[in-house]
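Residue-level structural notes
This is what each chain is made of:
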Amino acid sequence: MNLQCPLPKLDFDIITLGHGSGGLLMHELLNKTVLDIFKNDLLDQQHDGASFSLPGPLAFSTDSYVVSPISFPGGNIGDLAVNGTVNDLAMCGAQAKYLSLAFILEEGLKVDEFWDVLVSIKNAALKSGVQIVTGDTKVVERGKGDKIFINTSGIGQVHPSARIHHRYIEPGDAIILSGKLAAHGITIMSLREGLQFETDIETDSVNLNHTVNILLDGFGEGIKFLRDPTRGGLASTLNEISGAAKMGIDIDQNLLPLDEQVEGACEMLGLDPLYVANEGLFIAIVKKDIKDEVLQLLHTDPNGAHAAIIGYITDEHPGKVILKSRIGGKRVVSYLPGEQLPRIC
Amino acid sequence: MKYLSEYRAPEQVAALLKQIHAETTRQWTLMEICGGQTHSLVKNGLLEMLPDKITMVHGPGCPVCVTPVSVIDEAIWLASQPGVILCSFGDMLRVPGSKISLLEVKARGGDVRMVYSPLEAVELAKNNPDKQVVFFAVGFETTAPANALSVVHASKQNIQNYSILASHVLVPPAMEAILSDPENRIDAFLAAGHVCTIMGMNEYDPIAEKYRIPIVVTGFEPVDLLQGILFAIRQLEKGEYRVENQYTRYVQRAGNLLAQETLKDVFDISDRMWRGIGNIPNSGFEVKDIYRIYNAREKFDIDIPLAEENAACISGDIMKGLKKPFQCPNFGTACKPEHPLGAPMVSSEGACAAYYQYYGEELTAK
């Protein structure tokens, strides 16, 4: 369903400070690009904000996107910015309805690069069923930004059967991971300066709202908690959950879905896949007696084809995540200390 | 993953553990030299699976951990100079110098770059002829050849704005320093497989002979480590002491001769300060005089006062195997990965970091 849009005819091929000035240049840029590609009734009013009513309960979330490089195998900063906020809302059990979209552009950014980002925002919005209804564009001097930063905020409607809160988590609940670990982080790492290795690994960035909706339709309050393990990886997210719920978590290394190439890249770079960022994954903590049905349903969804039960909630060792290693040893999985840095020999 | 999964196979691990349990009749203390081995032991939960009679102590083989504060201060001074790009492996960036770390220099405007290979730093020098590029060359015999090669490459291409700040250390002198310590209680060594891939095994024979101690050259995966332990226990139980090779898939008796030649071309053997341990004679590499222009210490007039080590960090006792991380009063309290008092809590190969990360703050480790 990917939209292919040719770059509109413009009198300029790079972004200059004038494009953020509020004057004629900015109007030309916005009218021919942003306002045209995202066309909808609310945006077309070109007001300072969008006015609408939505039946509650509602969820509201915001996130900023500064990924470098802005384009990578499987996506770019644009779809990341839509999927990220759509997914944050989905983790609250909500379907994203409206997004705001704010750009900070660096002077000198090529217009065709900007256009590629806009097209991928459009496609991601179409896929997740969300509308861009308000926005902002600023331009900073060359060297004061890094091509393009994006902020998106979103409002979504919470599923009527959703009862998602860590207070519902209890011993015996199953922990389901929706797919294979660490693809996004490794994709970005493989492009960073000086790290030339070739793989077919692509970002896993995808909208999860429809998948979550299917789960909530099917199991309602049996789905007790949802969280997407983005920055800090699975390890950090599990620690957050075990800390908030004051419960222990047991996971089994043998059960973690991991792509062979990703695992190989992690070995080479000295990274632990448990700490590498994901963009299209979620953890669902579900009632013990429905775990197999949840898994079965997930397996019918493209975003859950590799879903697996990776462990269980326990009342032993509250606040701690314990991993049973492949060879049967046990160890604590702690928060990521600082940035994940590679080993030196 | 082929060539890896077979060394992590649960059946093999179980069989080796069974043998180790059956053949161990007395109390033995083994030291694994390399921090990579320490991490693998802890990360895979192997320490808990060994017989109570076997105590593993963790050796000095963590290049970041043994780099003295004064050398980190030199790197920080260089990174703070205008027109200098300082390149380093990632681990080194968070290690505290006497005042700040390289990451903090970067945050304050210093041009500090993380690289995976010294050859990237040479490339950077080539592409930035108006800058001085300095590579912070730390590491044992494993990393030294690549760092030496970067000097050879720069020289061949006549790239004059490249230099290295060398802080290379050597394993055998450190083993002798540990064995000569009156408090030493180590019965056998697991030597570092990667180091021996380069240097071979010959230099370990005199140590095994002189100190009557088994030395088993060992790899890094669970099956490697358990096999290394089994070989060492067998020697100990029989009262033997010799150099044995577990890591036969990489290590040859003579080592990598080409790499050794490169080392000889670029480096002289020199005395070296080890963080927490002190000066060990002939335990490091320094850039040879003929490559003077590639030696950052010759190129720059580094002007810093000699720094004191943080007295609250017992890294010396940790790296000599005299104390375990949790025997340090500051472990997990004043000293954590996010605010380390010393390098063993920072490096991915540091024993304290391994214990903190994989055991948490609870001190249940053997």
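Residues numbered from 1 in each chain as written. Chains lettered and ligands numbered in written order. Predicted model: local features only at pLDDT ≥ 70, side-chain atom pairs only at ≥ 80, totals over all residues. Heavy atoms only, no water.

Another aspect to go through is helix α7 (residues 118–127) of chain B. All names here are of chain B. P118, E120, A121, V122, L124 and A125 are the residues of α7 that are buried. On the buried face of α7, the contacting elements are β3 (84–88), β4 (111–114), β5 (132–139), α8 (144–156) and β6 (162–169). A distance of 3.0 Å separates the backbone nitrogen of L119 from a side-chain oxygen at the start of α7, and that oxygen is part of S117. (Buried < 20%, exposed > 50% of the residue type's maximum accessible area, 1.4 Å probe, protein only. Helix = DSSP H or I, 4+ residues; strand = E, 2+ residues; numbered from the N terminus. Contact = heavy atoms within 4.5 Å. Polar contact = N/O pair within 3.5 Å; in protein donor to acceptor, adjacent residues only side chain to side chain.)

Once that is clear, we can look at the pattern of salt bridges. Residues and elements named next belong to chain B. Within the structure shown, the criterion is met by 26 salt bridges over all chains. We note a salt bridge from R249 to D224, for which the minimum N-O separation is 2.8 Å. Here R249 is found in the loop between β9 (243–245) and α13 (257–266), whereas its partner D224 is found in helix α12 (residues 222–238), with 25 residues between them in sequence. When its relative accessible area of 30% is taken as the criterion, R249 is described as partly exposed. With a relative accessible area of 0%, D224 lands in the buried category. Between D289 and R292 there is a salt bridge; the shortest N-O distance is 3.4 Å. (Salt bridge = Lys/Arg side-chain N within 4 Å of Asp/Glu carboxyl O.)

On to empty space enclosed by the protein. All names here are of chain B. Summed over the entire model, instances satisfying the criterion amount to three cavities of 30 Å³ or more. If you add up the space inside the largest cavity, you get close to 100 Å³. A class-by-class count of the residues in the lining of the largest cavity yields twelve nonpolar, two polar and no charged. Of the volumes computed, that of the second largest cavity is approximately 60 Å³. Every residue along the wall of the second largest cavity is listed here: G35, T38, H58, G59, G61, C62, C65, M319, P344, E349, G350 and A351. Elements with a contribution of two residues or more to the lining of the second largest cavity: α2 (35–43) and β2 (54–61). In terms of residue count, β2 provides more of the lining of the second largest cavity than any other element does, three residues in total. (1 Å grid on protein atoms, 1.4 Å probe; cavity = no way out; pocket = protein on both sides within 12 Å on 5 of 7 lines; lining within 4 Å. Points joined across faces, edges and corners; volume = space filled by probe spheres on them. Nonpolar A, V, L, I, M, F, W, Y, C, P; charged D, E, K, R; others polar.)

All names here are of chain B. Counted under the stated rule, the structure contains eleven aromatic pairs over all chains. Aromatic side chains F326 and Y355 sit 6.0 Å apart centroid to centroid with 40° between the ring planes, which places their arrangement in the tilted category. Of this pair, F326 sits in the loop between α15 (315–319) and α16 (351–359) while Y355 sits in helix α16, and the two are 29 residues apart along the sequence. Residue Y355 is classed as buried on the basis of its relative accessible area of 1%. A network of ring pairs unites the aromatic residues F220, Y247 and Y250 as a single cluster. The lysine or arginine in question, R249, covers the ring of Y7, its NZ or CZ lying 3.4 Å from the ring centre. (Phe/Tyr/Trp six-rings, centres within 6.5 Å; stacked < 30°, edge-to-face > 60°. Lys NZ or Arg CZ within 6 Å of the ring centre and 35° of its normal.)

By definition, a disulfide links two cysteine residues through a covalent bond between their sulfur atoms. All names here are of chain B. Within this structure, the stated rule accounts for one disulfide over all chains. Each sulfur in the disulfide pair C62 and C65 lies 2.2 Å from the other. Every disulfide takes its handedness from the sign of the S-S torsion; for C62 and C65 that torsion is 70°, giving right-handed. For the pair C62 and C65, one class covers both residues: buried. Free of any disulfide, C313 has its nearest neighbouring cysteine sulfur in C335, separated by 6.3 Å. (Disulfide = S-S within 2.5 Å.)

Further remarks concern the pairing of strand β13 (residues 330–333) of chain A. Residue and element names in this part refer to chain A. Inspection of the sheet shows strand β12 (residues 321–324) paired to β13 by four bridges, in the antiparallel sense. By the bridge assignment, K324 is partnered in β13 with K330. Where β12 folds back on β13, the antiparallel hairpin that results is connected by five residues, among which G328 adopts a positive phi of roughly 100°. (Pairing = 2+ DSSP bridges.)

Another point: the domain arrangement of chain B. All names here are of chain B. Annotation of chain B at the domain level lists domain 1 (26–61 + 175–245), domain 2 (65–170 + 255–299) and domain 3 (315–357). For domain 2 versus domain 3, the distance between C-alpha centres works out to 25 Å. On the domain 3 side, the residues contacting the nine residues of domain 2 number 13 residues. Regarding the contact of domain 2 and domain 3, the summed buried area is about 960 Å², with carbon and sulfur atoms giving 64% of it. Counting the surface domain 2 buries against domain 3, the share from its top three residues, C65, D91 and R94, is 52%. In this assembly, domain 2 and domain 3 are joined by zero salt bridges. (Domains from an automatic or database assignment. Buried area = accessible area lost by both parts, 1.4 Å probe.)

With that settled, consider the sheet that holds strand β7 (residues 188–192) of chain B. Residues and elements named next belong to chain B. Strand order in the open sheet formed by five strands is β2-β1-β7-β8-β9, and the pairing between neighbours is parallel. Across the chains shown, the open sheet's two edge strands, defined by having one partner strand only, are β2 and β9. Mean inter-strand twist for the sheet, computed between neighbouring axes without regard to direction, equals 25°. Looking at chain direction, strand β1 (residues 28–34) and β7 are connected through three bridges and run parallel. Of the residues in β7, the one forming a bridge with L30 is A188. Helix-sheet contacts for helix α9 (residues 171–180) involve β1, β2, β7 and β8 (215–218), and the interaxial angle to β1 is about 150°. (Axes fitted to C-alpha atoms, helices over the stretch in contact; angles between N-to-C directions.)

Another aspect to go through is the sheet that holds strand β5 (residues 131–140) of chain A. Residue and element names in this part refer to chain A. The mixed open sheet is built from four strands, whose spatial order is β1-β6-β4-β5. Unpaired on one side and paired on the other, β1 (58–65) and β5 mark the two borders of the sheet. Strand after strand, the sheet turns through a mean of 15° between neighbouring axes, direction not considered. Where strand β4 (residues 94–106) lies against β5, nine bridges are found, and the strand directions are parallel. Directly across from L101, in β5, lies its bridge partner G135.

To continue, consider the nonpolar core. Membership of the largest hydrophobic core comes to 102 residues, with the highest contact counts inside it found for F103, F114, I148 and I150 of chain A. Looking at which element gives the most residues to this core, the answer is helix α4 (residues 111–128) of chain A, with nine residues. Viewed by domain, this core spans two of them, domain 1 (17–158) and domain 2 (166–333) of chain A, each represented by three or more residues. Discounting residues that sit within four places of it in the chain, F103 of chain A has contacts with V34, F114, L118, I121, D136, T137, K138, I148, F149 and I150 of chain A. L78, V138, F140 and A259 of chain B belong to the second largest nonpolar core, which has 91 residues in total. (Core = buried A, V, L, I, M, F, W, Y, C linked by side-chain atoms within 4.5 Å.)

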